Amino acid sequence: MVLSSISLFANQYNITLRTGMLSPDSDLEPGIIGGISLGYYLTPSIEVQLSMDYYRQSNVTHRKHIQTDTPYERLDILSDVESTFIPLSLNLQYNMALTERFIPVFGGGLGVGFLRESVEATDPAFERDYASIDSYQGFNSLVWTGFKYRLNPNLNLLSKVLYRYSELTGSYDLEPFGFVENRQDMSGIGFNLGIEYRF
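Residues numbered from 1 in each chain as written. Predicted model: local features only at pLDDT ≥ 70, side-chain atom pairs only at ≥ 80, totals over all residues. Heavy atoms only, no water.

Visitor: What am I meant to see in the pattern of salt bridges here?
Guide: Two side chains with opposite charge may pair up if their charged atoms get near one another. Tallied over the entire structure, the rule returns nine salt bridges. Close ionic contact of E82 with R56 constitutes a salt bridge, the shortest N to O distance being 2.4 Å. With E82 in strand β4 (residues 74-95) and R56 in strand β3 (residues 46-67), this pair connects stretches of sequence that are 26 residues apart. Of the residues examined, R56 reaches a relative accessible area of 42% and is grouped as partly exposed. Note that E117 is salt-bridged to R63, the shortest N-O span being 2.9 Å. Here E117, found in strand β5 (residues 102-121), pairs with R63, found in strand β3; they are 54 residues apart in sequence, far enough to count as distant. Among the residues examined, R63 registers a relative accessible area of 4% and is labelled buried. (Salt bridge = Lys/Arg side-chain N within 4 Å of Asp/Glu carboxyl O. Helix = DSSP H or I, 4+ residues; strand = E, 2+ residues; numbered from the N terminus. Buried < 20%, exposed > 50% of the residue type's maximum accessible area, 1.4 Å probe, protein only.)

Visitor: Would you mind showing me how to read empty space enclosed by the protein here?
Guide: One water molecule sets the probe size; rolling that probe over the atoms shows where empty space is left. Under the criterion given, the structure shown has four cavities of 30 Å³ or more. One number sums up the size of the largest cavity: a volume of about 50 Å³. Along the walls of the largest cavity sit T16, R18, S37, E47, Q49, Q93, K148, L158, K160 and E196, which together make up its complete lining. Among the elements of the structure, β1 (13-24), β3 and β8 (155-173) are those that each provide at least two residues to the lining of the largest cavity. For the lining of the largest cavity, the residue count by class is one nonpolar, four polar and five charged. Considering only enclosed or pocket space, the second largest cavity measures out at about 40 Å³ in volume. (1 Å grid on protein atoms, 1.4 Å probe; cavity = no way out; pocket = protein on both sides within 12 Å on 5 of 7 lines; lining within 4 Å. Points joined across faces, edges and corners; volume = space filled by probe spheres on them. Nonpolar A, V, L, I, M, F, W, Y, C, P; charged D, E, K, R; others polar.)

Visitor: Quick question: what am I supposed to make of the nonpolar core here?
Guide: Nonpolar side chains tend to gather and get buried jointly when the protein is soluble and globular. If you look at the biggest cluster of nonpolar residues, it comprises 13 residues, and the most contacted ones within it are L22, Y55, F85, L115, L168 and M186. Here L115 is in contact with S83, T84, F85, D134, S135, Y136, L168, Q184 and M186, once residues within four sequence places are set aside. With five residues, the next largest nonpolar core counts V105, L142, W144 and L158 among its residues. (Core = buried A, V, L, I, M, F, W, Y, C linked by side-chain atoms within 4.5 Å. Contact = heavy atoms within 4.5 Å.)

Visitor: I would appreciate a short explanation of the environment of E100 in the present structure.
Guide: With respect to the helices, strands and loops of the structure, E100 is situated in the loop between β4 and β5. A relative accessible area of 59% places E100 in the exposed class. The spacing of E100 and R150 is 50 residues in sequence and 7.5 Å in space, taken between C-alpha atoms. Separated by 3.2 Å, the side chains of E100 and R150 make a polar contact. (Polar contact = N/O pair within 3.5 Å; in protein donor to acceptor, adjacent residues only side chain to side chain.)

Visitor: Even after reading the chapter, I still don't get the pairing of β4, so can you show me in this structure?
Guide: For a regular strand, the rule is simple: side chains alternate between the two faces of the sheet. Examined bridge by bridge, β3 and β4 share 19 bridges and lie antiparallel to one another. Within β4, the position partnered with S58 by the bridge is E82. As defined by bridge partners, β4 adjoins β5 across 17 bridges and the pair is classed as antiparallel. For S89, the partnering residue across the bridge sits in β5 and is G111. (Pairing = 2+ DSSP bridges.)

Visitor: Explain the side chain of K148 here, please?
Guide: With respect to the helices, strands and loops of the structure, K148 is situated in strand β7 (residues 135-152). Look at K148 and you get buried, because its relative accessible area is 2%. Within the structure, the side chain of K148 is placed 3.2 Å from the side chain of N95, a separation counted as a polar contact. A distance of 2.7 Å separates the side chain of K148 from the side chain of E196, its partner in a polar contact.

Here is the structure:
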């Protein structure tokens with residue numbers, strides 16, 4: 001048993017590739033999210049990870065459009081919105097080996113999120129004199145549970161369900177009248193499937 005534990009702990013580094021779904025609580029539609037994590041095993045059970053994910057989705061929804069000339073005005077207009085969301089996080093995961101192959105996992109992480117939106121009003125009357133906030137950034141956190149299935153000492157399959165909290169802020173400069181701020185919520189539930197390679 002001691003020799004087995006030493007053997008498993010010998011490969012302390014790992015890289016994980018993931019894909020899955022993110023269903024934001026906001027007006028955005030559920031979409032595919034993919035990601036990559038680099039990990040290091042502090043102990044056979046405790047793992048620290050650096051993760052990056054990527055979500056891109058097109059929607060028809062309402063966005064606030066800002067009149068760029070005086071008088072200042074902000075209207076909520078139906079728009080074509082293409083969203084790109086990139087969250088980064090530093091995570092801690094606990095791997096609870098019930099058997100040699102089946103390993104439940106529990107984890108969470110903190111970091112930052114970046115959202116870029118390409119917004120085009122469906123009514124062309126607003127295209128010339130109005131602009132929209134298209135860049136957001138802010139706090140990103142997540143918690144998850146799931147399991148790994150060990151194929152061999154170097155390969156694990158991964159499945160997990162997670163909740164992400166990410167509220168982002170963007171602003172538009174109405175110089176010399178100051179800034180207009182807006183918030184976008186990328187919080188929501190999701191799931192991931194992936195494969196982990198240990199080395």
